[in-house]
Amino acid sequence: MRENIIESLKSKLNRRVWESWFGTFDVKEINTDYVIFQVGNLFIRDWLEKKYGSLISRTLREVFGKQMNFRIDYAPSQLQEESEQDEPLVKKRPLILTPLNPILTFENFVVGPNNMFAYSTSLEVAKNPGKYNPFFLHGGVGLGKTHLVQAIGHYLFKNNPDLRVVYLTSERFLNELVDSIKKNKVQEFRERFRNKIDVLLLDDVQFLIGKSGIQTELFHTFNELYNSGKQIVVCSDRDPQQLEKFQDRLVSRFQMGVVAKIEKPDEETCFKIATKMVQLEDAQLKEDVLKLVASHFSDNLRRLRGALIKLIMYQQISNESVDLQKASELLSVSSLVTQKVSVEEKLIDALCKVFNITQKEILGKSRKRTVMNAKQVGMFIAKNHFGLSLRQVAELFDRSHPTVSHTIQKVEELVNSGNVAVKNQIDQVVKYLTDKVSNQFV
Ligand code: ADP
Ligand code: MG
């Protein structure tokens, strides 16, 4: 029976889909009215349920001649064993250690002036692995780094199936090493990463800041791969120079090849990205609604996507299409002038919380050090994060235009010179604000 099910499923899918998604898929248990399957990767399990659920149902009905229920379990341990066998890491079963998100391809990436260079270089790297080595890709949170680096992975899997491509986050790299130490298998870890990889796609390298042991490991891995002409791609939320508490020898290696930065998208590109995201969800949103979302969430496309999903879900549940008014209500952004007011209110609220002062103090003339500090940080954020004009910032904090301009410049200088205290304060306020916004999306 097991064979029948598997064969019948296989016959309905093309070879690539089968190999990518069903490589570790198997029948675990057959009962009178239901079947339990197992698969070795959580991400793939969810994907199979979502995309192939009805196909699996149909197949079971054909094989058993009646309606059968099914469930897919996640079975990690056996897999672990398998991936530790002598076989190359990813060959034949490319997605075990490299759970690429199928959406994150070059085809689904919108190119604009902000990411043109990063995109073209990524494509070149994918076409000629080893030529631009290493490729260091950086940019702010949610601007498309993971998308591009996974797109390189997809491209290679498709066009160069014999290459052993590994995508992993730096956190995962660290965990793999820690695990291997616990199990007394460091030698195997090294063998795997240094000798059994043709292309290493390492995401979020800033995670290794201050972790010297793993940096040393990465250094040797890097050298080994680099010296044998293997492609290395590294992503980070900041440029190599700004990887403070990072070994200099690694930083200089990161800069040896091509360094590309993704900037924040302009409004037009952001609108195109929003349109693409909605299309990928098989949904539709009105053009003015897309424009509204694009204008508010261009600094982080993950939040942009969260906002769109929220609207799409609302449409599906309420069965009515979201108009501009409804969208601004749902996203707590308003489409017209009031937006500035609410943004300003949120900022003042955040400053009071983070600096532990009252609204009266921050809006008044107090010369207390904390209050002055909060104001400086507030002006900087109002200008740089919310894009308020100097005039608006001056009004908000009741200061003259030149004072505001001078203050913001001073804070900028402090940040650029690496002043940790000021940077922390800014981060805290921004985090407070973004947490508040993203909480609305859950
Ligand atoms: P990062 O890794 O830089 O934090 P991600 O790659 O995770 O950002 O991108 C965040 C979200 O935005 C993802 O859903 C991604 O698919 C989407 N995205 C980013 N840039 C683009 C783009 N140019 N075109 C389409 N989608 C994009
Ligand atoms: Mg990322």
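Residues numbered from 1 in each chain as written. Chains lettered and ligands numbered in written order. Predicted model: local features only at pLDDT ≥ 70, side-chain atom pairs only at ≥ 80, totals over all residues. Heavy atoms only, no water.

1. Re the overall build of the chain
For the chain, the count of helices and strands is 20 helices and 8 strands. Over its C-alpha atoms, taken along the principal directions, the chain stretches across nearly 80 × 60 × 40 Å. Within the chain, the proportion of its 442 residues that are buried is 46%. Relative to all contacts within the chain whose residues are 6 or more apart in sequence, the contacts with residues 24 or more apart total 72%. Working note: accessible area of the chain is about 22,500 Å², and carbon and sulfur atoms make up 49% of it. (Helix = DSSP H or I, 4+ residues; strand = E, 2+ residues; numbered from the N terminus. Buried < 20%, exposed > 50% of the residue type's maximum accessible area, 1.4 Å probe, protein only. Contact = heavy atoms within 4.5 Å. Areas by Shrake-Rupley, 256 points an atom, 1.4 Å probe, with all protein chains shown as cover.)

2. Overview of unusual backbone geometry
In this structure, Pro134 follows Asn133 across a cis peptide bond, with omega equal to -10 degrees. Positive phi, close to 55 degrees, is recorded for Lys245, a residue that is not glycine. Summarising the element assignment, Lys245 is placed in the loop between strand E7 (231-236) and helix H10 (248-254). Residue Asn356 is not a glycine yet carries a positive backbone phi of 55 degrees. When you line up the elements, Asn356 lands in the loop between helix H15 (338-355) and helix H16 (359-363). Take Asn356: its relative accessible area is 68%, and that puts it in the exposed class.

3. Here's the deal with the packing of aromatic side chains
The final tally for this structure, using the stated rule, is 15 aromatic pairs. Here the aromatic residues Trp18, Phe22, Phe25, Phe37, Tyr52 and Phe70 are joined through ring pairs into a cluster of three or more. Seen from the ring of Phe219, Arg249 lies directly overhead, with NZ or CZ sitting 3.8 Å from the centre. Lying over the aromatic face of Phe271, Lys291 brings its terminal NZ or CZ to 5.5 Å of the ring centre. (Phe/Tyr/Trp six-rings, centres within 6.5 Å; stacked < 30°, edge-to-face > 60°. Lys NZ or Arg CZ within 6 Å of the ring centre and 35° of its normal.)

4. Notes on the site of ligand 1
Looking at ligand 1, there are 18 residues lining it, with Gly142, Lys145, Thr146, His147 and Arg302 nearest. A distance of 3.3 Å is found between a nitrogen atom of ligand 1 and a side-chain nitrogen or oxygen belonging to Asn115. Between ligand 1 and Gly144, the relevant distance is 3.0 Å, taken from an oxygen atom to a main-chain nitrogen or oxygen of the residue. The protein chains hide 91% of the 560 Å² of surface that ligand 1 would expose on its own. At the level of elements, helix H6 (145-159), helix H11 (267-280) and helix H13 (301-318) are the ones that each hand at least two residues to the shell around ligand 1. Class assignment for the residues of the shell around ligand 1 results in 8 nonpolar, 7 polar and 3 charged. (Near = heavy atom within 4 Å. Polar contact = N/O pair within 3.5 Å; in protein donor to acceptor, adjacent residues only side chain to side chain. Nonpolar A, V, L, I, M, F, W, Y, C, P; charged D, E, K, R; others polar.)

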